Amino acid sequence: MTSEDLAFLPATQLAELIRTKQLSPVEYMRALLERIDARNPKINAFAYLAADQAMEAARTAEAKLMSGDRIGRLHGVPVTIKDLANTKDMPTQQGSLIHQNNQPDEDAPIVPRLKDEGAIVVGKTTTSEFGWTGVSHSPLTGITHNPWKFGYNAGASSAGAGAAAAAGFGPLHQGSDGAGSIRMPAHFCGVFGLKPSFGRVPNYPVSTGDLTSHIGPLTRTVADSALFLEVMAGPHPLDYTSLEAGPAAYSARLREGIRGKRIAYSPDLGHARVDRDVAVLVKAAVDRFAELGAIVEPVVTPWADPGPELIRFFWAAHLTRLKPQLEQWESRMDPGLVACIKAATNVSVADYQLARERKMAYIAAIHRWFEAWDFLLTPAVSVAAFPAEKLMPDHWPQHDWDWVSWAEFSYPFNMSWNPAASVPCGFTGDGLPVGLQIVGRRFDDLGVLQASAAFEAIQPWADQRPSLA
């Protein structure tokens with residue numbers, strides 16, 4: 001097996017090779033770190049790379065393997081953690097100079113779960129400042145480049161996770177998604193990203209953004225995400241929003257298919273503008289679901305309004321928690337983030353409560369509609385990758401902070417807590433990836449994984465390797 005093949009080895013195969021002693025965790029980690037050292041300077045996927053810690057963990061993993069100690073499901077398998085999640089042995093800087101070199105005193109719940117199964121944390125991946133935008137740059141780490149085209153947006157806020165998955169910097173990358181921040185990097189980077197049902201994966205500290213931020217996997221294969229989710233999911237006492245149920249048998253039931261499932265297709269959710277090259281690829285992907293035995297129908301979603309108005313209100317309102325930082329840090333913060341904070345400084349408690357009433361009615365309408373459908377298919381994002389120094393593509397209406405205008409397909413399902421995935425479905429004429437979004441009923445994470453796996457089987461993508469990889 002060549003070093004290139006090792007780099008793109010799925011976690012499911014890697015774990016088996018290590019478990020059966022066909023591959024040394026130390027040799028694999030050494031090859032992976034050499035790859036990262038050679039290629040990451042051009043991609044910039046890491047906010048913090050823990051190379052020495054990872055090598056030491058690999059040696060420990062190998063010693064346990066040889067001594068016959070308990071072997072976890074991810075024994076010797078590298079993972080990355082997004083730089084919004086707390087890690088007690090690595091800095092958590094949140095893409096901001098405000099938190100530069102910040103060192104938490106405890107881990108987010110997912111970190112010990114991963115380590116208990118033998119995973120090795122290689123480092124922290126980049127994020128936009130406080131995860132505020134879908135563009136892959138921050139004042140702290142600069143641009144994270146799309147592995148398919150240098151200088152282009154890799155998506156955010158899980159920027160480094162998406163770029164690392166595409167570039168072969170290990171198979172498993174943790175992301176989080178408050179308005180598309182797993183699905184956007186998956187779309188832009190040509191990998192698989194799953195935003196599970198809200199509460200499926202616990203988080204601590206619990207987000208203050210009106211309970212819209214979901215933790216989930218970014219991987220190159222659906223099976224890797226199923227395995228990753230099995231390890232991360234389950235209730236946790238520090239997250240009062242976490243679901244009581246543990247993970248389903250995602251891996252064991254992944255190939256059950258979607259024959260007979262009722263699938264709705266909306267090209268625009270009733271309000272979204274979509275670039276033609278994206279729309280064409282998504283429609284071609286939708287047509288393939290009929291080949292899988294599903295019943296596919298175009299629909300007009302009856303809950304289009306007031307979603308666009310609500311996300312803009314809440315996105316700015318929730319970021320006002322950073323207003324106290326402006327006096328000292330404004331000149332060193334992302335200008336778009338500053339503009340977004342200032343846009344909501346006059347929002348009153350009454351305004352917020354009235355908006356929440358409208359939000360709850362909007363969410364109820366989504367769930368009522370889903371009673372008649374198993375899945376909804378849409379574009380994942382309206383545009384393909386564009387230059388990462390810009391907040392908006394040049395051909396898009398310009399705004400000082402409203403990047404959401406090209407990501408209208410994401411946030412409804414953050415507010416409604418439905419599981420949703422971005423599945424690679426092709427490339428534009430410029431060679432840039434495009435994602436298809438698959439949305440399921442709330443709690444049907446297994447169904448979304450099964451639908452994604454069915455599409456992956458008929459139109460695989462994992463062997464496609466980007467130019468910067």
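See the structure shown above.
Here the structure is a predicted model, which means the values were calculated and not measured. Along each chain, residue indices are assigned from 1 in the same order as the chain's sequence is written. Local features in a predicted model are, by the rule used here, given only for residues with pLDDT of at least 70; side-chain atom pairs are given and counted only at 80 or more, and totals for whole chains, interfaces and linings are based on all residues. For the side-chain quantities, the full set of heavy atoms in the structure was used; hydrogens and water were omitted.

A. Quick look at the overall build of the chain. Looking only at helices and strands, one finds 15 helices and 15 strands in the chain. What the globule rule says is 2.2 Å times the number of residues to the power 0.38, and the radius of gyration is computed from C-alpha atoms. Over its C-alpha trace the chain gives a radius of gyration of 21 Å, about what one expects of a compact globule, namely 23 Å for 469 residues. The principal-axis extent of the C-alpha atoms belonging to the chain is close to 60 × 60 × 45 Å. Per-residue accessibility, obtained with a 1.4 Å probe over protein chains only, is compared with the maximum for each type, and a residue is labelled buried under 20%, exposed over 50%, and partly exposed between these values. Residues classed as buried in the chain amount to 62% of the 469 residues present. By definition in these notes, contact holds between two residues if any of their heavy atoms fall within 4.5 Å. Considering only intrachain contacts with a sequence separation of at least 6, the fraction spanning at least 24 residues in the chain is 77%. Segments assigned H or I by DSSP are reported as helices when at least four residues long, segments assigned E as strands when at least two residues long, and all are numbered from the N terminus.

B. Quick look at the sheet that holds strand β1 (residues 46–49). Two strands are counted as paired when DSSP detects at least two bridges linking them. One open sheet holds the 11 strands; their spatial order is β1-β3-β2-β8-β10-β9-β14-β15-β13-β11-β12, and the pairing between them is mixed. Only two strands of the sheet have a single partner each, and these edge strands are β1 and β12 (295–298). Each strand axis lies, on average, 25 degrees off the axis of its neighbour in the sheet, ignoring direction. In the sheet, strand β9 (residues 192–195) pairs with strand β14 (residues 420–427) via 3 bridges, with the strands oriented antiparallel. Counterpart to Lys195 in the pairing with β14 is Ala420. Contacting β1, β2 (78–82) and β3 (120–125), helix α3 (residues 25–43) runs over the sheet at an angle of about 15 degrees to β3. Simply put, an axis is a line fit to the C-alpha atoms, just over the touching stretch for a helix, and the angle between two N-to-C directions goes from 0 to 180 degrees. Across the sheet, helix α4 (residues 51–67) lies against β1 and β3, angled at about 160 degrees from β3, the strand it touches most.

C. The arrangement of the environment of Pro171 in detail. For Pro171, the position within the fold is in the loop between α6 (159–167) and β8 (172–177). Here Pro171 falls in the buried class, since its relative accessible area comes to 1%. C-alpha of Pro171 to C-alpha of Asp224: the two residues are 53 residues apart in sequence and 7.5 Å apart in space. When neighbours within four sequence positions are excluded, Pro171 is seen to be in contact with Leu9, Pro10, Ala11, Leu14, Tyr28, Val77, Pro78, Leu218, Thr219, Arg220 and Asp224.

D. Representation of the environment of Ala245 within the structure. Counting through the fold element by element, Ala245 comes out in the loop between α8 (222–232) and β11 (262–265). Residue classification places Ala245 among the partly exposed residues on the basis of a relative accessible area of 43%. Remark: the alpha-carbon pair of Ala245 and Ala233, spanning 12 residues in sequence, is separated by 8.9 Å. Leave out the neighbours within four places in its chain, and Ala245 touches Arg200, Gly234 and Pro235.

E. Looking closely at the packing of aromatic side chains. Pairing of aromatic side chains here covers Phe, Tyr and the six-membered ring of Trp, requires ring centres within 6.5 Å, and sorts the geometry by plane angle: under 30 degrees stacked, over 60 edge-to-face, intermediate tilted. According to the stated counting rule, one finds 17 aromatic pairs in the structure shown. A centroid spacing of 5.7 Å and a plane angle of 55 degrees characterise the contact between Trp403 and Trp406, whose relative ring orientation is tilted. Looking at Trp403, the relative accessible area reads 1%, which means it is buried. Look at Trp406 and you get buried, because its relative accessible area is 0%. Each member of the aromatic cluster is reached from another via a ring pair, and the members are Trp303, Tyr362, Trp369, Phe370, Trp373 and Phe413. When the ring centre of Phe150 is taken as origin, the NZ or CZ atom of Lys42, which lies over that ring, is 5.8 Å away. Here, a charge over a ring means that NZ of Lys or CZ of Arg falls within 6 Å of the ring centre while also lying within 35 degrees of the ring normal. One Lys or Arg, Lys359, reaches over the ring of Phe314 and ends 5.3 Å from the middle of that ring.

F. Highlighting the nonpolar core. Only buried residues count toward a nonpolar core, which is a set of Ala, Val, Leu, Ile, Met, Phe, Trp, Tyr and Cys residues joined through side-chain atoms within 4.5 Å. Trp403 and Trp406 are the most contacted members of the largest nonpolar core, which totals 153 residues. With 8 residues, α8 is the largest single contributor of residues to this core.

G. Main features of helix α15 (residues 445–458). Multiplying 1.5 Å by the helix residue count minus one yields the expected span of that helix. With 14 residues, α15 should reach 20 Å at 1.5 Å per residue; the first-to-last C-alpha distance of 20 Å fits that figure. Among the 14 residues in α15, 12 count as buried, and that is most of the element. Buried residues of α15: Asp445, Leu446, Gly447, Val448, Leu449, Gln450, Ala451, Ser452, Ala453, Ala454, Phe455 and Glu456, and no others.

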